[in-house]
Amino acid sequence: MKKQFLEAGQIVNTHGIRGEVRITPWADSPQFLCQFSTFYIDGHPIRVLSSRPHKTMVLALLDGTDTVEKAMTLKGKVISIDRSEVVLPKGRNFLADLMGLDVFDTATGEKIGIIEDILTPPAHNVYVVSGGAKHYMIPAVSAFVAETDVDAGFMKVNLIEGLESDV
């Protein structure tokens, strides 16, 4: 079952003297987080009064944090977003929804494991699939990922030599 609230970043520090916070986004870009009018911290909604990208971070002024001292109390907190406030382009999925999917080899139809981790280097994501005594590192590109059905709970991949390693 898909979670309604998705972790989207972490407050890492304050910024300036007005109570703004610096957020490290766990999304494709800082601009993605700037579209939200509400963040959720510890399950509680917090209104976003203003936000803007700053290099790789997001600077945000949150309701109730109008001083540096109040903003400091949020340092280290994880912010979440409500998935109902996001429309993803066709074929895109939240990484959280891909975790735990069953992964099948298109050539044999056999299950090779489940997505255990997702690496996010600059070029493209890499799915870490664990299946018993084998691990697979599968680039998240169409040459390797043949089909993804989050609702049905599976991904089908085209394996080539070199993607697997022994545990």
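The preceding data block contains the structure.
A few points on the structure. Remember, it's a predicted structure, so these values are computed and weren't measured experimentally.

1. Comments concerning the overall build of the protein
Of regular secondary structure, the protein possesses 3 helices and 13 strands. Over its C-alpha atoms, taken along the principal directions, the protein stretches across nearly 60 × 30 × 25 Å. Buried residues in the protein amount to 35% of all 167 residues. Intrachain contacts of the protein at a sequence separation of at least 6 include 50% that bridge at least 24 residues. Accessible surface, the protein: about 9800 Å² in total, of which carbon and sulfur atoms supply 52%.

2. Some thoughts on the pattern of salt bridges
A full pass over the atoms with the stated rule returns 9 salt bridges. Arg 47 is the salt-bridge partner of Asp 63, the closest N and O atoms lying 3.9 Å from each other. Taken as a pair, Asp 63 in the loop between strand 5 (57-62) and helix 2 (68-72) and Arg 47 in strand 4 (residues 44-54) lie far apart in primary sequence, 16 residues in all. Judged by its relative accessible area of 40%, Asp 63 falls in the partly exposed class. Among the ionic pairs, Arg 83 bridges to Asp 97, the shortest N-O distance being 2.7 Å. In this pair, Arg 83 sits in the loop between strand 6 (78-82) and helix 3 (95-98) while Asp 97 sits in helix 3, placing the two residues 14 residues apart along the sequence. Of the residues examined, Arg 83 reaches a relative accessible area of 17% and is grouped as buried. When its relative accessible area of 10% is taken as the criterion, Asp 97 is described as buried.

3. Some details on the sheet that holds strand 3 (residues 38-41)
Taking strand neighbours around the barrel as the criterion, the 6 strands line up as 1-2-5-4-3-6 in a closed arrangement whose pairing is antiparallel. Recorded for the sheet is a direction-independent mean angle of 45 degrees between the axes of neighbouring strands. As defined by bridge partners, strand 1 (residues 5-15) adjoins strand 2 (residues 20-25) across 6 bridges and the pair is classed as antiparallel. When the bridges of strand 2 are listed, Ile 11 appears paired with Ile 23.

4. Describing the packing of aromatic side chains
Under the criterion given, the structure shown has 2 aromatic pairs. When the ring of Phe 5 is compared with that of Tyr 40, the centres are 4.5 Å apart and the planes differ by 55 degrees; the resulting orientation is tilted. Pair noted here: Phe 5 is in strand 1 and Tyr 40 is in strand 3, with a separation of 35 residues, a long-range link. We classify Tyr 40 as buried; its relative accessible area is 13%. With a centroid separation of 5.4 Å and an interplanar angle of 70 degrees, the aromatic rings of Phe 32 and Phe 36 are classed as edge-to-face. Classification of Phe 32 by relative accessible area gives partly exposed; the value is 22%.

5. Brief notes about the environment of Ser 84
Checked against the element boundaries, Ser 84 lands in the loop between strand 6 and helix 3. Put simply, Ser 84 and Gln 4 are 80 residues apart on the chain and 7.3 Å apart in space, counted from C-alpha to C-alpha.

6. Topic: the pairing of strand 2
Between strand 1 and strand 2, which pair antiparallel one after the other, the connecting turn spans 4 residues, and Gly 16 there sits at a positive phi close to 70 degrees. Both strand 2 and strand 5 contribute to a ladder of 3 bridges, which runs antiparallel. Counted as the bridge partner of Val 21 is Ala 60 from strand 5.

7. Thoughts on unusual backbone geometry
Unlike most non-glycine residues, Asp 42 shows phi in positive territory, near 55 degrees. Structurally, Asp 42 can be placed in the loop between strand 3 and strand 4. Since its relative accessible area comes to 52%, Asp 42 is described here as exposed.

Cut-offs applied
Numbers given to residues run from 1 along each chain, matching the order in which its sequence is written. The model is predicted, so local features are restricted to residues of pLDDT at least 70 and side-chain atom pairs to those at 80 or more, both for listing and for counting; the totals for chains, interfaces and linings are taken over all residues. Side-chain measures were taken over the full set of non-hydrogen atoms in the model, leaving aside hydrogen atoms and water. Starting at the N terminus, helices and strands are each numbered in turn, a helix being any DSSP run of H or I of at least four residues and a strand any DSSP run of E of at least two. Classification of residues uses two cut-offs on accessible area relative to the type maximum, computed with a 1.4 Å probe and protein chains only: under 20% is buried, over 50% is exposed, and between them is partly exposed. Every residue pair with non-hydrogen atoms within 4.5 Å of one another is taken to be in contact. The Shrake-Rupley method, run with a 1.4 Å probe, gives the accessible areas here. Residue values count only the displayed protein chains as cover. Salt bridges are identified by distance alone: a Lys or Arg side-chain nitrogen within 4 Å of an Asp or Glu carboxyl oxygen. Pairing between two strands requires that DSSP report at least two bridges joining them. Interaxial angles span 0 to 180 degrees and are taken between N-to-C directions of axes, which are lines fitted to C-alpha atoms, for helices over the stretch in contact. Classification of ring pairs uses Phe, Tyr and Trp, with its six-membered ring standing for Trp, and accepts pairs whose centres are within 6.5 Å; under 30 degrees between planes counts as stacked, over 60 as edge-to-face, and the remaining range as tilted.

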